[in-house]
Amino acid sequence: MKRIIILGAPGSGKGTQAQLLSKSLCIPFISAGEILRQEIKKNEKTRSYIKNTINQGKLVKSSFMIQLIKENIQKKNSFNGFILDGFPRTIEQAKSLKKYIAIEYAIYLNIEYKDIINRIEGRLIHKPSGRTYHSIFNPPKQHNVDDITGEILSKRKDDTKKIIKTRFEEYIKHTQPLIHWFQKEKKKIHYLEIEANQSINHIHKKIINHLNKKKKYK
Ligand code: AMP
């Protein structure tokens, strides 16, 4: 059973690593941002609240996010484990998750602000599925086209310099304290910090090694 969370600033590569891990470990990944983007499409009641909050670069209310994540953990095929990408993002969310389900691994992708801009400006998304690419670091096989469906890729509306600045401020305010909280939980959760400015494959291998190490201790 592997219950993994991936932490890091916007653009640190959480989504990319979650997708790779999901393939390698054959367990689902649950992306908080993607859940919200799908919610905008299907839920008229909450549509404008989520859209406005995301487009301001702010975090949605924790109580709201927690509810959506719990529903998704139940819905997904997660009995062999799962990878949470972008949740928790606040201490309140982490405490609520802890009461609900035990997390085994926390992977923190550490990135500097100057690297974030490059990363986010080249990001591409396949909107229907949420698959992400990067024009330089993780390009699709064919220019601007999704590898699986052949459909056109697009940019996220909140991937602009102005909104990234607010997203990063939100990260410093709410998510950095959470990193310290996880460091303190080290005895209960297998915590790993990785510099995010390394190649995608290198980071992926480091994470896999970390997950395998724990197996040997058992
Ligand atoms: P992401 O796709 O992870 O970059 O998330 C996109 C946006 O969704 C964030 O900038 C927030 O507005 C919102 N969001 C994602 N995850 C959370 C979370 N755990 N708590 C609150 N808001 C979130």
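Quick note: structure is the one above.
Given the structure is predicted, the values throughout are model-derived calculations rather than measurements. (Residues numbered from 1 in each chain as written. Predicted model: local features only at pLDDT ≥ 70, side-chain atom pairs only at ≥ 80, totals over all residues. Heavy atoms only, no water.)

## Things to note about the side chain of S96
Formally: Secondary structure elements follow DSSP: runs of H or I of four or more residues count as helices, runs of E of two or more count as strands, with numbering from the N terminus. By definition, residues are in contact when any of their heavy atoms lie within 4.5 Å.
You can see S96 is positioned in helix α5 (residues 91-100). With sequence-adjacent residues up to four places away left out, S96 is seen in contact with I66 and K70.

## Some thoughts on a positive patch on the surface
What counts here: To count toward a patch, a residue needs a relative accessible area over 30% and no salt bridge; like charges are then connected within 9 Å, while nonpolar side chains (Val, Leu, Ile, Met, Phe, Trp, Tyr) are connected within 5 Å. Here the Shrake-Rupley method, with its probe set to 1.4 Å, supplies the accessible areas, and only the displayed protein chains count as covering residues. One side-chain nitrogen of Lys or Arg within 4 Å of one carboxyl oxygen of Asp or Glu is enough to make a salt bridge. This count recognises Lys and Arg as positive and Asp and Glu as negative, with His and chain-terminal groups excluded. Throughout, a charge is located at the NZ atom of Lys, the CZ atom of Arg, the CG atom of Asp or the CD atom of Glu. For the exposure calls, accessible area comes from a 1.4 Å probe over protein chains only, and a residue counts as buried if that area is under 20% of its type's maximum, exposed if over 50%, partly exposed in between.
On the surface, K41, K51, K127 and K157 cluster together to form a positively charged patch. You can see K41 is positioned in helix α2 (residues 32-42). Given the relative accessible area of 46%, K41 is considered partly exposed.

## Some remarks on the site of the ligand
Test applied: Being near a molecule or strand, for a residue, comes down to having at least one heavy atom within 4 Å of it. Contacts described as polar in this section are N or O atom pairs within 3.5 Å, which, within protein, must combine one atom able to donate a hydrogen with one able to accept it, while residues neighboring in sequence count only if both atoms come from side chains. Polar here means any residue other than Ala, Val, Leu, Ile, Met, Phe, Trp, Tyr, Cys and Pro, which are nonpolar, and Asp, Glu, Lys and Arg, which are charged; Gly is therefore polar.
Taken together, 16 residues surround the ligand, and among them K58, G86, R89, Q93 and R156 come closest. A distance of 3.4 Å is found between an oxygen atom of the ligand and a side-chain nitrogen or oxygen belonging to R167. The element that contributes the greatest number of residues to the shell around the ligand is α2, accounting for 4 residues. Its residues assigned to classes, the shell around the ligand shows 7 nonpolar, 3 polar and 6 charged.

## Brief notes about α2
Every buried residue of α2 is accounted for by A32, G33, E34, I35, L36, E39 and I40. For α2, the secondary structure elements touched by its buried residues are β2 (29-31), α3 (44-56), α4 (62-75), β3 (81-85) and β5 (123-126).

## Comments concerning the packing of aromatic side chains
We count it as follows: Stacked, tilted and edge-to-face pairs are distinguished by plane angle, under 30 degrees for stacked and over 60 for edge-to-face with tilted covering the rest, among Phe, Tyr and Trp rings (Trp via its six-membered ring) whose centres lie within 6.5 Å. Note on criteria: charge over ring means Lys NZ or Arg CZ within 6 Å of the ring centre, with the direction from the centre no more than 35 degrees off the ring normal.
Enumeration according to the criterion identifies 4 aromatic pairs in this entry. Aromatic side chains Y49 and F64 sit 5.8 Å apart centroid to centroid with 85° between the ring planes, which places their arrangement in the edge-to-face category. Here the residue Y49 occupies a position in helix α3, and F64 occupies one in helix α4, the gap between them amounting to 15 residues. Residue classification places Y49 among the partly exposed positions, given a relative accessible area of 29%. Here the aromatic residues Y113, F168 and Y171 are joined through ring pairs into a cluster of three or more. It is R119 that lies over the ring of F137; its NZ or CZ is 5.9 Å from the centre.

By themselves, these figures tell us nothing about what the structure is for.
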